[in-house]
Amino acid sequence: MSGNNFDILTVIAYFIIILVVGLWSGKGKRDSASDYFISQKSLSWWAIGMAYVATGLNSEQLIGMNGMGYMIGMPLVNSYLNAALVFTALIYLFFPMYLRNGIITMPQYLGERFDKRNQNVFSVLLLLSYIFLSLSVVLYGGAKLFEVLYNIPIWQGILAIGLVSGLITIFGGMSSMISASVLQFILMFVAGGVLFYLGLNKLPNGWQDITANAPGGFHLMQPMNTPIMPWHAVVFSLFNLQLYYSCMNQSLVQRGFGAKTEWDVRMAIVFALAFVLLRPFLEILPGMIARALASNGHTEYLISQERIDDVYPILIRNLVPAGLQGLIIVGILGAVMSTVSAFLNSISTLITYDVYKRWIRKSASDKSLVKVGMWSTFLLMVFSIFYAPIIGKSGGIFIYFQSLSTYMAVPVATCFLFGMFWKRTTALASLVVLLVGIPLGALMQLWIIPGLFSEYSIGRYGLDNFYVVGGITQVFCIVIIVVLSLMTQSPEYDKIKPYIWTKSMLRLPKSDPERPWWQKVELWWGMIMFIYLILYILWW
């Protein structure tokens, strides 16, 4: 094994420290299921906000997005600027609905709004996606760093990250994850900022070299035939993948369920919205820096499509001096482990509440639920450690994660949106969309579009783009849910009324204490939205 001994010792020390912090903060939380899984009514806005950002900033983003930043550049920044819209929806539409109805899991909402069949189907889909998609991708991405930098085999890196993250989650629950995430939040932004500075400093003309070498120019909106993220893909993904990932993703949304008040969770998302502005400097621009360095004669940064996941580790290896690499790796590990712990906790929550308590033992005690959650986490960790290496054979982290996630996001986002905003939506219509949405997307991608359009049309209009296919599939899902709802008996409004969004949810509940003007959510939200608007105008 190569690498500076100090770097290796730094990484080992980090593993030990994060274990101690996580386990200590979870002490005494295992007697109550609500404390263990969501830290009910105990979390402040700043802790939730940091945890939300830390969970979203994972190895799929750091490794995958920087690889795509190298290949396609600025259009990827739309994924973060779109947060202005989807986070606003989370603040004013989704979190008020979840918190005021005591929602603990995302499938629970569909169960309350429609019926148990919808809840069961979504529970299965969510569990499968977390196990085979999200958790495995994050483990693989973290291990990729160790492989490129220190020649550590992928499976050994996966084992180390999985074991430490699993132990924190098993013995600490949600509280331990929030405490660990606060530390990881700080580490990852420091590490990412250092790497960005070192890369920018190595370019002879600095920022000018980045803009000059950006694929397709330094613009957010690109023509329809642009790979991965043309302008219409940006629009389509906003209503399915982007909305699903931020507002219906158990691992992220669950962070807010432990808020002291609804004001805390709203302010937490505003806080997160501010830090999302910095994420392109960690997750996309380093990849664009690598491309600019390659164009300026640094051949070590010439990277083929097959090695696209190596871009970020290669930047670290070539830019960061020996002795400092360990500190950078620690910051990145913070992002990886925060996300792994979040996924493990979310999956165990789903298994415990949506499977064990509903189907196996309805009268289970709190201690019994916690025990089931701990064992679920352990078994999931073991399985993911064995499955994660397969990701390396799937064409890169970004494509694997984003394309498969889109297939699932389309039907789920459609059911949530119509369930919340159209009282006429029926349980049968929602169930059919959940069941047929994913296979419909696959059929659309593999047979329907290739059968209806010429290769020229598909290439010109980007009809083979998975974001675009997702948008087209969602149109069909909307038609299905509307037609079937109108053909079936309308649900009893009194039963579903609490689960239909109303204007009253724009305001904080009366139970929340009155705040001074400078603590108003709308004030800080408005200031940050103005910054987003300016950036869109400048980079359009």
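Residues numbered from 1 in each chain as written. Predicted model: local features only at pLDDT ≥ 70, side-chain atom pairs only at ≥ 80, totals over all residues. Heavy atoms only, no water.

## Observations regarding the pattern of salt bridges
Then step 1. Within this structure, the stated rule accounts for 7 salt bridges.
Then step 2. For Glu-262, the salt bridge identified is with Arg-266, shortest N-O distance 2.7 Å. Placement of the pair is Glu-262 and Arg-266 together in helix H14 (residues 262-276), with a separation of 4 residues, close to one helical turn.
Then step 3. Residues Glu-492 and Lys-495 are paired through a salt bridge, measuring 3.7 Å at the closest nitrogen-oxygen approach.
Then step 4. Connected via shared salt-bridge partners are Arg-100, Glu-262 and Arg-266. (Salt bridge = Lys/Arg side-chain N within 4 Å of Asp/Glu carboxyl O. Helix = DSSP H or I, 4+ residues; strand = E, 2+ residues; numbered from the N terminus.)

## So, a nonpolar patch on the surface
Then step 1. Where nonpolar side chains cluster on the molecular surface, the patch consists of Leu-443, Leu-446, Trp-447, Ile-448, Leu-452 and Phe-453 and spans about 630 Å² of accessible area.
Then step 2. By the secondary structure assignment, Phe-453 is in the loop between helix H21 (427-452) and helix H22 (455-460).
Then step 3. Judged by its relative accessible area of 39%, Phe-453 falls in the partly exposed class. (Patch = residues over 30% accessible without salt bridge, like charges linked within 9 Å, V, L, I, M, F, W, Y side chains within 5 Å. Areas by Shrake-Rupley, 256 points an atom, 1.4 Å probe, with all protein chains shown as cover. Buried < 20%, exposed > 50% of the residue type's maximum accessible area, 1.4 Å probe, protein only.)

## Things to note about the side chain of Gln-474
Then step 1. With respect to the helices, strands and loops of the structure, Gln-474 is situated in helix H23 (residues 466-487).
Then step 2. At 3.1 Å, the side chain of Gln-474 forms a polar contact with the side chain of Asn-240.
Then step 3. Filtering out sequence-adjacent residues up to four positions away, Gln-474 remains in contact with Phe-236, Phe-239, Asn-240, Val-410, Ala-413 and Thr-414. (Polar contact = N/O pair within 3.5 Å; in protein donor to acceptor, adjacent residues only side chain to side chain. Contact = heavy atoms within 4.5 Å.)

## Here we look at the nonpolar core
Then step 1. Counting 165 residues, the largest nonpolar core has Phe-94, Tyr-98, Phe-122, Met-248, Ile-316 and Phe-416 as the members making the most contacts within it.
Then step 2. Of the residues forming this core, the biggest block, 19 residues, is contributed by helix H8 (residues 116-150). (Core = buried A, V, L, I, M, F, W, Y, C linked by side-chain atoms within 4.5 Å.)

## A closer look at H23
Because an α-helix packs 3.6 residues into every turn, residues spaced three or four apart end up facing the same way.
Then step 1. Counted at 1.5 Å a residue, the expected span for H23 with its 22 residues is 32 Å, and the 31 Å between its end C-alpha atoms agrees.
Then step 2. All of the buried residues in H23 are Phe-466, Tyr-467, Val-468, Val-469, Gly-470, Gly-471, Thr-473, Gln-474, Cys-477, Ile-481 and Ser-485.
Then step 3. In this structure, the buried residues of H23 make contact with helix H11 (231-238), helix H12 (241-247), helix H20 (397-421) and H21.
Then step 4. For H23, the side-chain oxygen to backbone nitrogen distance between the N-cap and Tyr-467 is 2.8 Å, and the N-cap itself is Asn-465. (Expected span 1.5 Å × (residues − 1).)

## With respect to the side chain of Gln-242
Then step 1. When you line up the elements, Gln-242 lands in helix H12.
Then step 2. With near-sequence residues (within four places) excluded, Gln-242 lies in contact with Ser-79, Asn-82, Val-86 and Ser-237.

## Side note on the environment of Ala-427
Then step 1. Along the chain, Ala-427 turns up in helix H21.
Then step 2. Residue classification places Ala-427 among the buried residues on the basis of a relative accessible area of 18%.
Then step 3. Measuring from C-alpha to C-alpha, the distance between Ala-427 and Leu-484 comes to 9.6 Å, with 57 residues separating the pair along the chain.
Then step 4. Excluding its chain neighbours within four sequence positions, the residues that come into contact with Ala-427 are Phe-114, Asp-115, Arg-117 and Asn-118.

## Looking at the packing of helix H6 (residues 83-100) against helix H25 (residues 521-539)
Then step 1. Relative orientation of the contacting elements H6 and H25 amounts to 165°, with a least axis distance of 11 Å. In terms of their interaxial angle, H6 and H25 are classed as roughly antiparallel. Remark: the crossing between H6 and H25 carries left-handed chirality. Contacts between H6 and H25 involve Ala-83, Ala-84, Thr-88, Ile-91 and Tyr-92 from the former and Val-521, Glu-522, Trp-525, Met-529 and Tyr-532 from the latter.
Then step 2. Within the contact of H6 with H25, the residues separate by chemical class into 8 nonpolar, 1 polar and 1 charged. (Axes fitted to C-alpha atoms, helices over the stretch in contact; angles between N-to-C directions. Parallel < 35°, antiparallel > 145°, perpendicular 65-115°, else oblique. Left-handed = near helix turned anticlockwise from the far one by under 90°. Nonpolar A, V, L, I, M, F, W, Y, C, P; charged D, E, K, R; others polar.)

## Some details on unusual backbone geometry
Then step 1. We note that Ile-228 has phi near 70°; this positive angle belongs to a residue other than glycine.
Then step 2. Counting through the fold element by element, Ile-228 comes out in the loop between helix H10 (207-212) and H11.

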